[in-house]
Every structure is written in C-alpha cells, then in structure tokens.
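The chain contents come next:
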Amino acid sequence: RPGWQQARNEEEWDFLWCDVSWLRENFDHVYLEEHVRICHFRNHYELSRKNYLVKNLKRFRKQLEREAGKLEAARCDFFPKTFELPLEYHLFVEEFRKKPGTTWIMKPVGRSQGKGIFLFRKLKDIFDWKMVSMTVFSIVSLDLQRQVSIFSFVTSSSCTQKDETQIETYVVQRYIENPYLIGGRKFDLRVYILVTSYSPLKAWLYRDGFARFSSMRFTLNSIDDHYVHLTNVAVQKTAPDYDPEKGCKWMIQQLRQYLTARHGTGLVEVLFADMDNIFIKSLQSVQKVIISDKRCFELYGYDILIDRDLKPWLLEVNASPSLAASSQEDYELKCHLLEDTLHVVDMEGRLTGKEKRVGGFDLIWNDGPVSRGGNLGALVNGNFVANTHLGCFNDRKKQLKELFGNLPA
Amino acid sequence: MKLECKSQPRHPHPSLITQISLHNPEIKLESLKEDIKDFLKTSGWEKKLQNAVYSELNVFPSPCHPAAPPEHMKEPLAYMRKAQGSWEKRILKSLNSMCTELSIPLAQKRPASEQKELLNKWNEMGTDEPDLSLFRPVYAPKDFLEVLMNLRNPNYENGEQLSFRNHLGLIQVPLKVKDIPELKEDFSELDLNVGQLGIDDSAQVPPEFFENEHVRIGQKVLAEQDSAAAQQYVRQGCPTALRADLWALILNISNQPEDILYYEQLKSNVIQHDLLVDSLIYKDVKLTASNDDYYFVFEDYLYQVLLCFSRDTSVLEHFAYSSATPPKSYIRGKLGIEEYAVFYPPNGVIPFHGFSMYVAPLCFLYHEPSKLYQIFREMYVRFFFRLHSISSHPSGIVSLCLLFETLLQTHLPQLFYHLREIGAQPLRISFKWMVRAFSGYLATDQLLLLWDRILGYNSLEILAVLAAAVFAFRAVNLMEVTSLAAAEAVLADLSTLKVMPLLQIFLFATVT
C-alpha cells in the first residue's frame, strides 16, 4: 500500500492485522494509542462462535418479540434450530424426539474449515462416530438434580498425550434438508461484511462474494459423505475428484443472473432483501455485548445457505475469513476486498464520513437503514430502497477514482 | 385464407378440426369460412399457426428454380458439395478405424443389469468415470480449418500475381460477403442511437431511459405470444428474466405432452443401446465443459441432452437443407446392401471436440431436461450445423471466415499485414471462436447477449463481425507481437470483453 511501511517486530505499529489468538493473549495487556487500528473486536466470538451466536440471537429475538411483536420477531427466523451441547442436551433431546427422522448436524464450536462436523439421524450415530474418530470417550452420568445423564465429549489432542483431554463444546443444529440445488449440487454463499463500529452500528456490505459448490451431487442417502454436504473449500479440496483448476466456485454475480433467469427479478430481489435482513439482525443481536472500541474494526465472512423456497439461512459468521485464493479470480476478489477494507478504515483520513460507497463496499447500516437515494437517509420517490448491491456490477476502480480524485491510491 | 403447411413434421395439429366441431355444433355451410376464421382467432390457434408458419419460413430456404435438382437446396455449388463429401469420408474413416482399433462395435444393446444401473444414475451420469483414455475426438476445429484452407473453385482462374489488392487470408474461394455499409443496414438495430441491452442497461444509465420500457415491451410480446414480434424484439437484447421464454417463443418450442413423451422415448433408447458415439460425448464433456469455471455445474444436464440428441432421428430432416449428408453404416456382414444400411449415429451428426459447448450456455436458461433438449435441438438445426459443414450459405462457416478476413483486411490492413508477416494469420486464432459461436470464450452474460442477436437476425454473420471487432479492440497490443504464440496470448482471454459496445463501435463508430 503506497505510503505504508511494514513495522518490524518490536517497533511500534499503527495498524495491525492479527489473528484471534494474538488478540486473546495481548489485547488486554498492550497499551494502544488513539489512532491505531486493529482488525478484530475484543469479544468478536460473540458473533463468530456458534454457541454464542445462537445465544445472542435467541435473546435478541425474545427482546424483539416483547418490543415489536411476533411478526417482527419472526424476521429473526433465519437460523436453523440450534442447541448447545452439553449444556442444552435435554432441550435438544426433547426437540429431537418431537420430529423423528429429521437430520441433524453436529459442529464443534471452536473449529473451522469443516473439521469435526458430522451428520446424524439417530442418537446412537453420535456414539458410532465417536468410536471412529476419537480415541478417548467416556459417558459420564452425573447425578444432578434430575438424574439426567450428560454426555461429555472428550477429545484427545493431536497425537501423543493420551491423558490430556479437553472438554469440547458442540452445537447441534437442524440440518437443512432441502437446499437449493444447481446442476444437482448444493452450494453456500460467502458474503463479506465490514463493521467499523458497534456503537453506533456502522456496517458495510461488499458487492462481490462467491458461491461454493459441493463437488458431488446432493442426496440425503449418504449423510456420512462429507464431500456431499459440506461445501467449505477446505473440505472439498480433499475430495477424490477435486480438480484444483475447477475452483468449484461461482461469483455471486453469476448466481444472481442464474436465479433471475430462472425465477424472475421479483423473487430474486426478495431473496437478497432477506439476506440483508440476516446481516443487520445478526449484527444488532450482538451490538450491545460487543465491547466497543473505536480503534477496532472487523471483516466478517458470512456463510449463507439458500433453500428450495428461496429462503436464506445463516450458517455461521467467520471473524477471520480465509484470505487464501483458490484461483486467479478468487485472488483478485480477495485483493480488492482487502484494499477496499483499508480504504474504509481510512487511516489516511481522506473520507468525510458521509460516503455511502467506497470501492466495492456499500454502507448498509449507519445507526439506521441507509437508502440508495441522494443524501444519507433520504428517500427515493417516497420509497425506501436499501443501499445494498450484493451480486451487482462492481465498478470499484471507477468509484475509487471519483472518490479520491487522482491522489496516489 | 390460404394455408400451405405441407411440411410440418414437428407441429402436428390433429385436434384442430375436432375442436371446431365440438365448439360450434351449428356450423352453417355458408358462413363456414368466416366461422373458422373467427374461431381460430378467439381460441388462440391463429397465433399458434402463425408462429408455426413463421418458424418454418425461418428455417427452410426460399424455393429455388423449379428445374433445380434437390441437391441444390442442400448446396448449389458443385465443388462445395464435393468438398463436403470428401470431408465426410475422412471423418467416417477416422471413426471406423477407432472402432476397429478398440474392437468396440458402433452400437450394441446393453445387458439388463447395465440398463438398470444407467436408469438409476440418469441424473448424475457425471459421477461415472469410464476409462476414456483410448478415445480421441474424431476431429478438432483446427483439422476442419485445414480443409477449408484448401478449398478452391475449379472454375475460378486467378492468374493475377498475389498482390495487396487480392485476398491475403487463408480462405481462397470467391464467395460474396457483405461489407460494412451492407452490414450497417442489416444490423440497423445495433446503431448508436438505438437502445441496447448490453450497453444501455449498465449501472450508470438510469433505467428510465431505456431499460424499463424495454422490459415492459418484452412482457407484452410474451403476453401476445407472437414469434415474429419476439424475433424483432430480441435484436435489442433480452432482459435476463424474460430470455428463456422469449427464445422458446422464437424457436417455437412449447413443451407439449407429446414433446415430453418424445424425449422420454429418446431416453429409453439411450438406456437400451450403447453407442460408440456416447464415449466420444463423455470424453468431450469431460475435456471441455467440466473444466469450465462456470459450466462444470451443468455436467449432468449435458449428458442427458447429448446422449438423447445422437439418437434423435428427427434431426435427419435438417439434412434436406444442409450441405452435409448423414453417414451410413451397414449391419455386420451386409456391407453395401442398401436394405441393411442405417444412419450412424441415428441423428447423423458426429460430435467433434468442443461440441458440448453448444449446449452448456443453454443450461443457464432451461431446467426441465425435455425443454432444454428441444431448445438445443432447434438451435442446432437452425444455426449450429452451419458452423461445421462446408457450404456457400451466407451463415456457413466458409462465408463467416471469408467475411472475417475481408473485414479485417479492408479496415485494419496494417494489422492484417503485420500478423500475416509474423506467421499469425488472424483466422487461425478466430476460427475456434466462430466454430463454437464464442461459447466458452466470452463471459456467460455476454454470450447470451450475442446469441440474442443470432436469434433476432436469424444469421450467424454477427460472429464474424464480433471476431473482427475483437481484433480491432486489441489492435495496439497485436501490432507489437512478433510470433503466433504471442498473438494467441494477447487474444487468449476474452472473458472481460463487453460484446455490444465492441460491435457498435466496429460497425457504427469506426472511421472507414
């Protein structure tokens, strides 16, 4: 980046792109000056860890129901029914028994890239899977108040220490059995949201994103087959017929065109508006718990799944979305994404604060909805049209030139 | 009202008379003619008949001289017919020798267990991994180009010395091709002052200027179900949401129950018999579409369409107006005996390397296999077949090549001469684009805008114009290259090109 210098190890730095473990270790102990910027919020895990996200969403939903009624609260129903284990085990079993035959998916809260995830329909399958993949497993029946037996999931760390065990928290979630398929394949969307402040809430949506396809055809018959059901590129990369040239990815523009050709503009606009709703509501649900710090910003990778009724579901939010590239197109997307993130963070102090668009980022929430029309918050023809352009044409270079004039980038 | 619908193989209307008598029990003989006319109007049949007739007019060539023999409808020039015949012999020889080498019969019945397996796997044939290493495509576009380069009209004596005023390209046959003024007239809807999708729907242009009105007209055309109006409309481009229906209207595809039944019948033919050609199709799909960043998703659809296509004998009808002749094969042991001759493959079309790319873009628009199939079949018998047969038709590949070279030599002589000098004849690079109608080379949305115009103008000439426009666009870089490989590199990636501005500038905004 022009005019920037990489700081060496012990020097002072103004801008830090760190990973979450550094943050955990150092944030509370390091003095940070006013002007520095760091790429994570102190307790980002409220959004990015699956069990916390569920908790926050459930709480927010209750609050909305109290304040605004059932209809408004129903707008939060974009998260499939989820329970935390072992804590909510009995609640889960109750729900599980209500609807026999549905498929559930078990995900470890702390891991990413598809590790440790499996599907099941019968409770005994949980045990089977454990036998295969974990070396230590014990059922601990605790004689608690109601003599409920709790399964304690223990894992052993990588190879040697047999005695070292950690209790791992899982979430179990109702599996979406009717995903939208293209060419018989399941896919999910990766969308990027940049939050520069939580109080007040200011969020930007990147126009580009991609759809990740499973390399196998979708069928509910083979729930053991990770390659069918998990669409993370990391999992797909190990599939037997993975062809690195293939990429298994479509840009969101392509997806939007395909869906428009198939369902017409009306339904597709509703779908994308529902996705906007997911972004806003999820951020609002953690707004009050995230420790606000004007030096922090965060780029989230949202994973969305669309079902056959064109309803979008939130799968998870990543606070450290993968920036590795799987193809030339992917590389360009991620480079531009990072560049524009830095433009928005604006360490150079070039923005006025009134911008609704910077490069590929559109401002979607500024302590209130942002409309597409002239000034911040003004209406277009008396109707509110949201300032979101996911999957639309991204002429970021041109826009950046307009914005910054001909200053050196 | 005079209806001459003698040849209507694809559009039977058996129920018309029954419908009339059912609805009008008191038909009076005196007013019979009027009654029928009214009935046709009110029931919508008039529109359907109009569309059917219009469709036939588009496809069949205008009647020629009554004394002309039937070959003339296929191809009036004798030397072209001869060249096509020898090319076909070569292809067939190649196919037969592959057959002998691999000891695989051209066709055989599948054992029952295999049939069952295939039926189960019908929707995911892409997961099959047959050993295709021994199969080679029967031919590739560059082999075909060699043949076209050697085409000569024996009646044409060009004794003059090769000078700049002569044609310096690879194609050396004296066919008449259009020049830019004629093209401007033909493609007048692409003019600078006419609204276009692909230009006037971009983010900077407010939709009130053109886009909204254009969409509204499109919806009206669909409501009226008028083929001719649709064909005129798509010259300015199709809105994404309306494209599938508009193309179906122009091609007169309605996916009636009998069409679905026909497709199911073809499917059962595929299940019952295995053709050598199937392996060629598999190989082609795996080599081309499966490796494409965007079309890989549709792999299964491609098998479902192409395997059925090769068994579809109704395709044989297009040979009446194509210069090609379907290859014949003989039942084992009965070589030469006409009663034992069959067309092979049953549809008479031997696929070549890249053939599956004709189908891939259509998967973006159509999702029911039978409708996708019919659209592809109709596109093939109207347009695509001309891209790999030798004929003098203005939309035939020979004319397109000549048109391309002439446009380039006339309007960018310096570039043409330079490329020729460094051994990079432009046609060597653009040939593969035109043979595939640019499928796989352009971004999908741009390709669909281009194919909108192919349908709208009922001609493939736009492919040659676009090829020339691409060269014009990259002329500056091309002037600096010094080898064929470097020229190929400059033109390797067309995925960022915007088709409509290129065409508009080349035709209407270049100082000639």
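Per an unreviewed UniProt entry, the recorded name for chain B is TBC1 domain family member 19, and the organism is Gallus gallus.

For chain A, an unreviewed UniProt entry supplies the name Tubulin--tyrosine ligase-like protein 9 and the organism Gallus gallus. Taken directly from UniProt, the Sequence similarities (unreviewed entry) text for chain A runs: "Belongs to the tubulin--tyrosine ligase family."

## Some details on the overall build of chain A
Regarding its fold elements, chain A presents 12 helices and 18 strands. For chain A, the residues scored as buried account for 52% of the 409 residues in total. In chain A, 64% of the contacts between residues at least 6 apart in sequence involve partners at least 24 apart.

## Looking at the packing of helix 12 (residues 257-272) of chain B against helix 14 (residues 299-309) of chain B
Residue and element names in this part refer to chain B. Between helix 12 and helix 14, whose axes approach to 9 Å, the crossing angle comes to 85°. What the angle tells us is that helix 12 and helix 14 run roughly perpendicular. Residue-level contacts link Tyr263, Leu266, Lys267 and Val270 of helix 12 to Gln304, Leu307 and Cys308 of helix 14.

## Overview of the interface of chain B and chain A
Listed as interface residues are 23 residues of chain B and, on the opposing side, 24 residues of chain A. Carbon and sulfur atoms make up 54% of the surface buried where chain B meets chain A, a total of about 2,200 Å² over both sides. In terms of surface lost to chain A, no three residues of chain B exceed Tyr294, Phe296 and Val297 of chain B, which account for 28% of the buried area on that side. Connecting chain B to chain A are one salt bridge. Glu299 of chain B is the salt-bridge partner of Arg185 of chain A, the closest N and O atoms lying 3.9 Å from each other. Among the secondary structure elements, those contributing two or more residues to the side of chain B that touches chain A are helix 11 (240-250), helix 14 and helix 19 (444-457) of chain B. Broken down by element, the side of chain B that touches chain A gets its largest block of residues, three residues, from helix 14 of chain B. Classifying every residue of the side of chain B that touches chain A gives 10 nonpolar, eight polar and five charged.

## Some thoughts on the confidence of the model for chain B
Residues and elements named next belong to chain B. Confidence in the prediction for chain B averages 84 pLDDT; 88% of positions are at 70 or higher. The secondary structure element of chain B with the lowest average pLDDT is helix 1 (residues 15-23), at 54, and the one with the highest is helix 20 (residues 461-473), at 95. Here residues 1-12 is modelled with pLDDT under 50, and outside its nearest four sequence neighbours on either side it reaches 14 contacts, counting other chains as well. With pTM at 0.82, the complex prediction returns an ipTM value of 0.79.

## Some details on the pattern of salt bridges
All names here are of chain B. One pass over the structure, following the stated rule, counts 31 salt bridges over all chains. Asp278 serves as the salt-bridge partner of Arg110, at 3.8 Å between the closest nitrogen and oxygen. In this pair, Arg110 is assigned in the loop between strand 1 (107-109) and helix 6 (112-120) and Asp278 in helix 13 (residues 276-287), connecting sequence segments 168 residues apart. Residue Asp278 is classed as buried on the basis of its relative accessible area of 3%. Across the pair Glu299 and Lys286 runs a salt bridge, and its minimum N-O distance is 2.7 Å. Within this pair, whereas Glu299 is found in helix 14, its partner Lys286 is found in helix 13, the two being separated by 13 residues in sequence.

Parameters at a glance
Residues numbered from 1 in each chain as written. Chains lettered and ligands numbered in written order. Predicted model: local features only at pLDDT ≥ 70, side-chain atom pairs only at ≥ 80, totals over all residues. Heavy atoms only, no water. UniProt positions renumbered as here; feature names shortened; annotations may be inferred. Helix = DSSP H or I, 4+ residues; strand = E, 2+ residues; numbered from the N terminus. Buried < 20%, exposed > 50% of the residue type's maximum accessible area, 1.4 Å probe, protein only. Contact = heavy atoms within 4.5 Å. Axes fitted to C-alpha atoms, helices over the stretch in contact; angles between N-to-C directions. Parallel < 35°, antiparallel > 145°, perpendicular 65-115°, else oblique. Buried area = accessible area lost by both parts, 1.4 Å probe. Salt bridge = Lys/Arg side-chain N within 4 Å of Asp/Glu carboxyl O. Nonpolar A, V, L, I, M, F, W, Y, C, P; charged D, E, K, R; others polar. pLDDT = per-residue confidence, 0-100.

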